[in-house]
Every structure is written in C-alpha cells, then in structure tokens.
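Understanding the architecture of this molecule
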Amino acid sequence: MNDSSRPCDAVIIGGGHNGLVCAAYLAAGGLKVTVLERRGVVGGAAVTEEFHPGFRNSVASYTVSLLNPKVIRDLELPRHGLRVVERVVSNFLPTEDGRYLKTGGGLTRPEVARFSEKDAGALEAYGERLDAIADVLRDLVLETPPNVVQGDWRTALPELLRASRLGGRLRKLDMSLRRELLSLFATSAGDYLDGWFESDPIKAVYGFDGIVGNYASPYTPGSAYVLLHHVFGEVNGKKGAWGHAIGGMGAITQAMAKSAAARGVQIRLSTPVQQVLVEGGRAIGAVTQSGEVIRASAVISNLNPKLLYLDLFEAGVLPADFRARIAQYRCGSGTFRMNVALAELPDFTCLPGKARGDHHTAGIILAPTLRYMEQAYFDARTSGWSKRPIVEMLIPSTLDDSLSPEGQHVASLFCQHVAPQLPNGESWDVHREKVADLMIETVSQHAPNFKGAVLGRQILSPLDLERTFGLVGGDIMHGALQLDQMFSARPMLGHGNYRGPLAGLYMCGAGTHPGGGVTGAPGHNAAREILADFRRGRLKRAA
Ligand SMILES: Cc1cc2nc3c(=O)[nH]c(=O)nc-3n(C[C@H](O)[C@H](O)[C@H](O)COP(=O)(O)OP(=O)(O)OC[C@H]3O[C@@H](n4cnc5c(N)ncnc54)[C@H](O)[C@@H]3O)c2cc1C
C-alpha cells in the first residue's frame with residue numbers, strides 16, 4: 001500500500017450522481033474532497049454512452065423527473081450545460097382491443113372518456129388527492145429521517161425533535177388524506193387504482209409506476225407506495241411530469257461533475273476502491289485496487305449498501321449483527337434493459353404512421369392491463385421471465401437530435417419482469433440473447449416494422465447491470481422500496497441518518513432515504529449531516 005500525497009477531508013467512494021452531488025455540497029462547505037470512481041466515466045446509472053457506432057443513449061436510467069429542483073439550483077446545473085425538455089405526450093398505451101390511450105399534453109380527460117366517462121370524471125379528484133400527498137413527500141425528500149437510537153436522552157432528544165417536525169408536516173393533511181396516505185403505504189397499486197377507476201387502460205398507465213424497478217405484482221401490498229415514489233417529481237416546475245435531458249442522462253451527471261470540479265473537487269476515474277481502511281474502530285480512508293491509500297476524516301460511500309458492507313471491509317471489522325442484517329437487505333428489480341439503434345420509427349398498428357407523431361415522444365407502455373403485469377410477475381417467479389413481458393419504450397431521439405444520425409433513432413427498452421436470479425440457478429449470460437429477441441418481438445407485435453428497423457442493440461440483463469454499474473441483483477433503486485427498507489430504516493433501522501456503524505463512515509447513495517431514482521436527494525442530505533459533524537467537531541479537517 002502506498003499513501004496518497006493529498007490528504008483530504010472527505011473521500012467519496014463512487015462517482016454516481018449522488019456521490020457527485022454530495023461532493024459538490026461538501027466542497028461548497030469548504031471541504032477538500034476526492035471522488036473515486038470505478039468506471040472510466042462518472043454518473044453511475046445516469047450516463048450517456050455510444051452503444052452502436054453513431055448511436056448514443058442514456059444506457060441505464062432514461063428519463064428525468066425526480067431530480068430535485070433545489071439540487072438543480074444549488075449546483076447551477078443549467079449553467080453547467082443541463083437542459084431538460086418535456087415529452088409532448090406523457091404516455092401511450094396500445095390496448096388489447098386494438099385501440100390506444102394517450103395521457104398528458106392536455107389529452108388525458110378526453111382520451112380516458114373514450115373508455116369510460118366515469119373514469120374521466122374521477123381523474124381530477126384522483127390527481128388532486130395524489131398531489132396533496134406527494135407534496136408532503138416532496139417536503140420529506142430533503143429531510144434526514146429521525147434515527148432510531150439507543151442511548152441516553154442526549155442522543156434521543158434531537159431525534160425526537162426531528163420526529164415531531166415530521167409530525168408537523170403530516171398535520172398539513174386532513175384526516176381523509178391521512179387515511180389515504182396510510183393506504184398508499186400499505187396497499188397495492190392495483191387495489192388502490194381499482195378503488196378509483198373501472199377501465200383497464202388508465203389503470204395500466206398509472207399502475208405501471210407501481211412496478212417500475214419493483215419486482216412485484218401490481219397487486220402486491222406496498223406497491224402503491226412505489227407508484228407514489230414515481231409521482232413526486234417535476235420537470236421545469238411542472239409537478240409529476242417526465243422529461244428528457246438533452247444529450248441524455250449523462251448530461252445531468254456531466255453537469256454535476258463540472259459543478260463539483262468548479263468547487264475544487266478532485267474526481268478520479270478508473271479508480272476502483274477495494275477496501276475501507278479502519279483504525280481503532282474508525283473509518284480513516286480508502287484503499288484503491290492498485291494499493292493506493294487515500295486518507296480522509298470522512299469516508300463516504302455512494303455504493304449499494306450490500307457492496308459496501310459485504311465487499312469493502314476486512315472480516316471482523318463490522319459488528320456481526322450489523323453484517324448479518326445487511327446480508328438480508330433485499331435487492332433485485334426484475335429489470336432487463338436494452339438500447340436499440342433504429343433505421344426508422346415504429347409504425348404502430350393502432351396508430352399508423354412512420355413520421356414522428358406525439359405518441360413517439362411518450363413513454364410507450366406495452367402492457368395493456370394490471371392483470372397482464374401481474375401474470376408477467378408470476379411467470380418470472382416460476383420461469384425466469386414471461387413470454388408476455390412488460391416493455392416500456394422511450395425514443396429520446398424524437399426530442400433530441402444529438403443522439404442518432406439524421407432520420408434514424410435510438411430507443412430505450414425498459415423491460416420487466418425478469419427474475420433477478422434465474423430460478424434454476426442458470427446464469428443470465430446463457431439466456432440474455434434469447435430474452436432480448438423476445439423483447440424485440442414484443443414491440444413488433446404492436447409495431448410490425450420494429451424488428452426489421454433494428455440496426456444494433458445493447459443488452460443489459462440483471463447480471464449485466466450488476467457487473468457494469470454495481471447494481472446488486474440489477475436493483476435500480478439500490479434496494480427494494482419496501483416499508484422495512486424505507487425512511488428511518490433505509491438501509492437499516494439505527495442507520496437511517498446517513499451514518500454507518502463506524503465513526504467517520506457515511507452513506508450517500510440510493511440505498512439511503514429517499515431511495516432510488518436520479519434525485520440527488522441522498523447526496524444532498526448526506527452532505528448536510530457530514531458538514532454538521534465537522535461543525536460539531538466529530539470530524540477534524542485535514543492538515
Ligand atoms: C435500467 C435502469 C433504469 C432506470 N431508470 C430511471 C429513470 O428513468 N429515471 C430515474 O430517475 N431513475 C432511474 N433509474 C434509477 C437511478 O438511475 C438510480 O437509482 C440512481 O442512478 C442511483 O444513483 P446513485 O448515485 O445513488 O448510485 P449509482 O448510480 O449506482 O452510482 C454508484 C457509483 O459507484 C461506482 N462504484 C461501484 N463500486 C465501486 C468501487 N468499488 N469503487 C469505486 N466506485 C465504485 C459505480 O461505478 C457508480 O458510478 C434507473 C436505473 C436503472 C439501472
């Protein structure tokens with residue numbers, strides 16, 4: 001091992017978007033910060049890469065909404081090149097009887113009325129109620145959850161105050177909304193939507209949010225919260241909207257890296273960390289794969305908690321019960337991701353035309369009903385994947401001409417459900433090509449020209465997502481968004497405040513509150529806690 005010449009106040013393991021956000025805030029607080037990223041590019045799951053000659057795409061995460069407006073402002077992301085545009089239409093869903101539903105762009109009400117007048121009439125109240133609840137969650141996103149602590153009153157008091165502030169926020173909701181909030185945490189997206197609507201297409205469009213990155217049926221209790229998690233975002237001030245970052249998701253993280261670098265953060269690429277260095281029960285630095293030691297007062301991890309605690313510590317360093325508990329932390333999204341280079345746009349049977357239509361700019365959901373989605377989950381549980389999978393397709397080149405040659409296109413296929421680990425213990429490497437063919441075939445059933453238009457494809461099975469991006473079990477959220485892994489319990493009760501089980505050790509990734517998505521919130525909140533620990537003298541500045 002050789003010691004780095006640059007002792008720093010904080011070393012961040014991982015240059016995903018949360019690592020970059022945390023770094024930028026710490027540097028703004030006057031700290032000397034180094035980020036160590038394993039890959040040759042920053043951004044983690046929010047990157048733009050060339051996957052086929054001449055064709056670039058957001059290769060993993062693909063659409064923006066959850067990115068917190070305060071983070072955008074504080075890091076001055078627009079000044080560093082970020083521009084986000086809205087989809088013309090939010091969603092487009094071909095139905096089983098050969099029709100289609102479009103939502104967003106002012107069309108939702110008349111479109112839904114084509115299937116049910118009653119549902120069209122319910123839309124406004126549904127939107128208002130969900131929005132009122134989402135507003136409370138929006139407020140909580142940038143808060144540190146009250147930590148469940150053991151110890152005397154001095155430790156417990158600040159956490160009690162935090163809990164009472166949280167109670168104050170919930171008081172904003174009247175009793176009927178509080179009941180609704182409880183339902184959203186406990187019930188399934190399917191049951192919740194069945195209570196509001198009678199027609200399948202609108203339930204499928206909304207219910208899809210309940211299974212994004214959630215390896216579950218839309219009728220699994222708790223999936224209603226996942227639905228809510230996906231509506232608390234906004235685009236350019238428009239609540240609940242989804243948009244596209246010009247240049248792809250990598251434009252977000254490139255802007256973050258520029259913002260951090262402008263504040264003096266050192267970002268080192270192709271520098272995998274092999275171990276967290278511990279002395280006297282305190283984290284004191286990171287050891288890279290090449291044996292270099294970077295010492296720092298605060299060691300901060302942007303990694304999935306399982307990767308951090310199970311892979312980066314010598315045996316016996318962490319408390320045994322803590323380690324055993326982290327080994328039980330549930331990861332696995334059921335996600336199979338493809339990027340496709342296209343010679344032409346898909347020509348949908350239900351809405352013919354190869355010229356760009358508004359529907360081509362939408363999140364195109366190929367899963368007509370909640371029952372279809374449930375069956376896809378059952379099939380994945382028993383056989384590894386469904387012959388009738390769920391595919392959401394986005395064609396970002398319809399909004400952004402920087403991604404593909406003129407007249408040609410790139411499509412993101414976000415496919416679910418597949419088993420994170422195949423039931424018979426086989427490797428995903430054996431089946432990835434076959435399953436990729438099935439996904440292309442699934443799109444072609446709705447747009448017959450699709451298969452013939454494919455010029456090239458990139459396949460990311462759950463195993464590929466783990467190998468390429470460090471997403472354990474392909475989990476896009478760094479851990480399932482279930483009640484026992486959320487808020488104060490993310491990643492574990494007693495460590496919901498971004499602090500690890502050793503002095504000097506912190507977490508800033510999606511495995512902390514408020515969880516996954518390109519939000520910047522975990523990075524923002526972790527930085528606030530770390531800066532507070534420097535102010536209180538729990539951490540010392542480097543000489
Ligand atoms: C297929 C897919 C689709 C998604 N779609 C969307 C979407 O459309 N919209 C949205 O908002 N969210 C989406 N998400 C979720 C979102 O991208 C993630 O939740 C988010 O990017 C997590 O950010 P992070 O910074 O916490 O972690 P990550 O992005 O996972 O970053 C962690 C970083 O740590 C690095 N690292 C790992 N091990 C080491 C090591 N030993 N040493 C040094 N560095 C290391 C990794 O290379 C990586 O750069 C999607 C994710 C995936 C995978």
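Before reading on, note that the structure itself is shown above.
Notes on the structure follow. (Residues numbered from 1 in each chain as written. Predicted model: local features only at pLDDT ≥ 70, side-chain atom pairs only at ≥ 80, totals over all residues. Heavy atoms only, no water.)

Turning to the site of the ligand, a few remarks are in order. Lining the immediate surroundings of the ligand are 33 residues, of which Glu37, Thr63, Ile476, Gly517 and Val518 lie closest. With respect to the ligand, the side chain of Asn302 contributes an N or O atom lying 3.1 Å from an oxygen atom. Between the ligand and Ile476, the relevant distance is 2.7 Å, taken from an oxygen atom to a main-chain nitrogen or oxygen of the residue. For the ligand, the accessible surface in isolation is 1,000 Å², of which the surrounding protein chains cover 96%. Looking at the shell around the ligand residue by residue, the classes come out as 15 nonpolar, 14 polar and 4 charged. (Near = heavy atom within 4 Å. Polar contact = N/O pair within 3.5 Å; in protein donor to acceptor, adjacent residues only side chain to side chain. Areas by Shrake-Rupley, 256 points an atom, 1.4 Å probe, with all protein chains shown as cover. Nonpolar A, V, L, I, M, F, W, Y, C, P; charged D, E, K, R; others polar.)

Moving on, we get to the pattern of salt bridges. Overall, the coordinates contain 29 salt bridges when judged by the stated rule. For Lys354, the salt bridge is made with Glu344, and the minimal N-O distance between the two is 3.4 Å. Residue Lys354 is found in the loop between β16 (336–342) and β17 (363–366), and its partner Glu344 is found in the loop between β16 and β17; the two are separated by 10 residues along the sequence. The partly exposed category is assigned to Lys354, whose relative accessible area is 44%. For Glu344, a relative accessible area of 26% corresponds to the partly exposed category. Between Arg536 and Asp533 there is a salt bridge, with its nearest N and O atoms 2.9 Å apart. A network of salt bridges, in which partner residues are shared, links Asp429, Arg432, Glu433, Asp437, Arg457, Asp464 and Arg467. (Salt bridge = Lys/Arg side-chain N within 4 Å of Asp/Glu carboxyl O. Helix = DSSP H or I, 4+ residues; strand = E, 2+ residues; numbered from the N terminus. Buried < 20%, exposed > 50% of the residue type's maximum accessible area, 1.4 Å probe, protein only.)

Moving on, we get to the packing of helix α4 (residues 117–141) against helix α6 (residues 175–186). Interaxial distance between α4 and α6 falls to 10 Å at its minimum, and their mutual angle equals 80°. Classed by the angle they form, the pair α4 and α6 counts as roughly perpendicular. On α6, the residues that touch Arg129, Leu130, Ala132 and Ile133 of α4 are Ser176, Leu177, Glu180, Leu181 and Leu184. For the contact of α4 with α6, the per-class residue count stands at 6 nonpolar, 1 polar and 2 charged. (Axes fitted to C-alpha atoms, helices over the stretch in contact; angles between N-to-C directions. Parallel < 35°, antiparallel > 145°, perpendicular 65-115°, else oblique. Contact = heavy atoms within 4.5 Å.)

Note that Thr271 resides in the loop between β12 (266–268) and β13 (273–279). A residue is classified by how much of its surface remains accessible, and Thr271, at 8% relative accessible area, is buried. Among the polar contacts made by the side chain of Thr271, one reaches the main-chain carbonyl oxygen of Leu269 at a distance of 2.7 Å.

Our next topic: the side chain of Asn302. Within the secondary structure layout, Asn302 lies in the loop between β15 (292–301) and α11 (305–311). In terms of polar contacts, Asn302 uses its side chain to reach the backbone amide nitrogen of Gly16, at 2.8 Å. Setting aside chain neighbours within four positions, we find Asn302 in contact with Ile13, Gly14, Gly15, Gly16, His17, Asn18, Gly19, His478, Cys508 and Gly509.

A word on the packing of aromatic side chains. Using the criterion set out here, one finds 15 aromatic pairs in the structure. Summarising the aromatic geometry, the rings of Tyr377 and Phe378 are spaced 6.2 Å apart at their centres and angled 45° between planes, so their arrangement reads as tilted. For Tyr377, a relative accessible area of 12% gives the class buried. Taking relative accessible area as the criterion, Phe378 reaches 40% and is therefore assigned partly exposed. Among the aromatic residues, those joined into a ring-pair cluster are Tyr126, Tyr192, Trp196, Phe197 and Tyr206. Above the plane of the ring of Tyr100 lies Arg114, whose end atom (NZ or CZ) is 5.0 Å from the centre. (Phe/Tyr/Trp six-rings, centres within 6.5 Å; stacked < 30°, edge-to-face > 60°. Lys NZ or Arg CZ within 6 Å of the ring centre and 35° of its normal.)

The mixed open sheet is built from 7 strands, whose spatial order is β8-β7-β17-β18-β19-β16-β20. Each end of this open sheet is capped by a strand with a single partner; those strands are β8 (100–103) and β20 (454–460). Neighbouring strand axes in the sheet, compared pairwise and without regard to direction, differ in orientation by 20° on average. Together, β17, β18 (385–394) and β19 (409–418) form the strand contacts of helix α13 (residues 370–383), whose direction differs from that of β18 by roughly 125°. In the packing of helix α14 (residues 428–446) onto the sheet, the strands contacted are β7 (91–94), β16, β17, β18, β19 and β20, and the crossing angle to β18 comes to about 65°. (Pairing = 2+ DSSP bridges.)

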